[in-house]
Amino acid sequence: MIIYVLLTTMAVTVVALARLQNLFAAVVLFSVYSFLMATVLFALDAVDVAMTEAAVGAGVSTVLLLGALYLVGGMEAKPLARPLLPLVVSVAAGGVLAYGMQGLPAFSDPQAPMHTHVAPRYLEQAPKETGVPNVVTAVLASYRSFDTLGETLVVFTAGAGVIALLRRRRKRKGAGDAR
Amino acid sequence: MSVIAAHYAYWITLALMVAGIYIVIARGNLLKKLIGLAVLQSSVYLLYIAPGKLIGGTAPIIAQGHSVYSNPLPHVLILTAIVVGVATLALGLALVVRIREAYGTIEEDEILAQDRAEE
Amino acid sequence: MRDDLVLRVVAKLLIPFMLVFALYVQFHGDYGPGGGFQAGVIAAAAIVFYAITFGLAAAQRLVPERIVERLLAAGVLLYAGVGVAGLALGGNYLDYFVLAADPAHGQHRGIFWVEAGVGITVAAVMLKLFYMFVARGRDAGDA
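Keep in mind it's a predicted model, so treat the numbers as computed, not measured. (Residues numbered from 1 in each chain as written. Chains lettered and ligands numbered in written order. Predicted model: local features only at pLDDT ≥ 70, side-chain atom pairs only at ≥ 80, totals over all residues.)

Undergrad: Explanation requested: the overall build of chain C in the structure shown.
TA: The helix and strand inventory of chain C stands at 5 helices and 0 strands. Overall, chain C shows an N-to-C arrangement of helices and strands of α-α-α-α-α. Over its C-alpha trace chain C gives a radius of gyration of 18 Å, far above what one expects of a compact globule, namely 15 Å for 143 residues. C-alpha extents for chain C along the principal axes are approximately 60 × 30 × 20 Å. By residue count, 41% of the 143 residues in chain C fall in the buried class. Considering only intrachain contacts with a sequence separation of at least 6, the fraction spanning at least 24 residues in chain C is 61%. (Helix = DSSP H or I, 4+ residues; strand = E, 2+ residues; numbered from the N terminus. Rg over C-alpha atoms; globule rule 2.2 N^0.38 Å. Buried ≥ 20, exposed ≤ 12 C-beta atoms within 10 Å, placed from the backbone. Contact = placed C-beta atoms within 7 Å.)

Okay, here's the thing in structure tokens:
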């Protein structure tokens, strides 16, 4: 199926991303990876999430990374020794996660616990109670609107933080900019 | 073999997570670390959404002619997670820009060497 | 890049469609995929495209920085204001069913205003981030 091809391509892209030293190529590969992730999410029927990941991951993240890359300059230094310890640590963490994932239900099982608890109630009641056919929007904006308020505040705080970090005083660059 | 086929999405999620962790730990360039962090966050989105899919179902938008829908709850959580992820990426990039202006480099070992030389 | 003819023509053709598409995604988030976040990012992307093609100064004449900063806060205040309206009309904070005579219609109205607040804040933040990163590089002595 198409999902298997896309997932394999994503894994290959990330391995190439880890090995590249040219940071511009790494940013472009990250954009490719985000776009493949959006396609996989669409194939998994998550249309809202796919649209957001395509717009935010392949769009805004890439623009911000390119902007920062222009300001800091382009090549990564060669790693000094073979990074054996990080490889062992990562694979060990992966082993622990694989052990934990044994308990997950099989792919697409309608009797899995996540499909029998709260989700059927939302799917049945949301159009009647809110008048909105898109259940994701209804849950996001009505049933769980406190979470969305917190998220809007997080976005606002990120904007305020970047303004505080990157704001320019009215003097030329290099005149003691150590605030 | 059927164990791998039924769980292929989970195995790839695991591989992406391990790759993301490796990039964050093993690379010394700050920008590469941030990209690895973004890869790690993306793999978590896949981990949440893959179990919610029902084969033969459709997107959770109530319409005529469909009775099986994918689970809408992970979609809501991951929408929030994506936007929070880009917010943290933006703040991290602003910090990298300031570090570059203060130290002249974004390689982690050179920054630590400069700090140690100052002490 | 403002001397490149192909880019200028394509930008002038595409940017109105991008802005209209952002409004479509915002207001049809109830009936199809969409909502505040996607619409805000698409609207910011249209202005970023304009800035890349015609220069940062032109974009800042079109959407000045002070307006972007005020929109950033206005979106969050709109969202919180819907909550306070719920309090004022007799329910709890962020109750929507008190906003109209029919509870389902009240929910629809509340969802509309809340998504509008989210869209405004996200669009302003993404655009402001782009402005900040580009302006930092301009002061380093290049056009």
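Undergrad: What is the right way to read the interface of chain A and chain B from this model?
TA: As a measure of interface size, the accessible area lost when the parts come together is often cited. Tallying the contact residues gives 79 residues for chain A and 69 residues for chain B. Within the residue set of the side of chain A that touches chain B, elements represented by two or more residues are α1 (2-19), α2 (23-43), α3 (47-72), α4 (84-101), α5 (119-130), α6 (135-143) and α7 (145-166) of chain A. Of all the elements, α3 of chain A adds the most residues to the side of chain A that touches chain B, at 15 residues. Each residue belonging to the side of chain A that touches chain B can be placed in one class, and the counts come to 61 nonpolar, 10 polar and 8 charged. (Nonpolar A, V, L, I, M, F, W, Y, C, P; charged D, E, K, R; others polar.)

Undergrad: I tried to follow the interface of chain B and chain C on my own but got confused; where do I start?
TA: Facing 5 residues of chain B, the contacting portion of chain C comprises 4 residues. Split into classes, the residues belonging to the side of chain B that touches chain C amount to 5 nonpolar, no polar and no charged.

Undergrad: Before we go on, may I ask you to explain unusual backbone geometry in this structure?
TA: Across residues other than glycine, the phi torsion is negative in most instances, and most of the peptide bonds are trans. Non-glycine residue Asp45 of chain A carries a positive phi angle of around 70 degrees. Residue placement: Asp45 of chain A occurs in the loop between α2 and α3. The exposure class assigned to Asp45 of chain A is buried, which follows from the 21 C-beta atoms found within 10 Å. With phi around 60 degrees, Leu94 of chain C is a residue other than glycine that occupies positive phi space. Within the element layout of this structure, Leu94 of chain C appears in the loop between α4 (65-88) and α5 (103-138). Taking the C-beta count within 10 Å as the criterion, Leu94 of chain C has 21 such neighbours and is therefore assigned buried.

Undergrad: Any chance you could explain the packing of α1 of chain A against α2 of chain A here in plain terms?
TA: Angle between the axes and distance between the axes are the two parameters that describe a pair of packed helices. Residue and element names in this part refer to chain A. For the pair α1 and α2, the least separation of the axes is 10 Å and the interaxial angle reads 160 degrees. When the axes of α1 and α2 are compared, the pair comes out roughly antiparallel. α1 and α2 meet at a crossing whose hand is left-handed. Contact residues: Ile2, Ile3, Leu6, Leu7, Thr9, Met10, Thr13, Val14, Ala16 and Leu17 in α1; Ala26, Leu29, Phe30, Val32, Tyr33, Leu36, Met37, Thr39, Val40 and Ala43 in α2. (Axes fitted to C-alpha atoms, helices over the stretch in contact; angles between N-to-C directions. Parallel < 35°, antiparallel > 145°, perpendicular 65-115°, else oblique. Left-handed = near helix turned anticlockwise from the far one by under 90°.)

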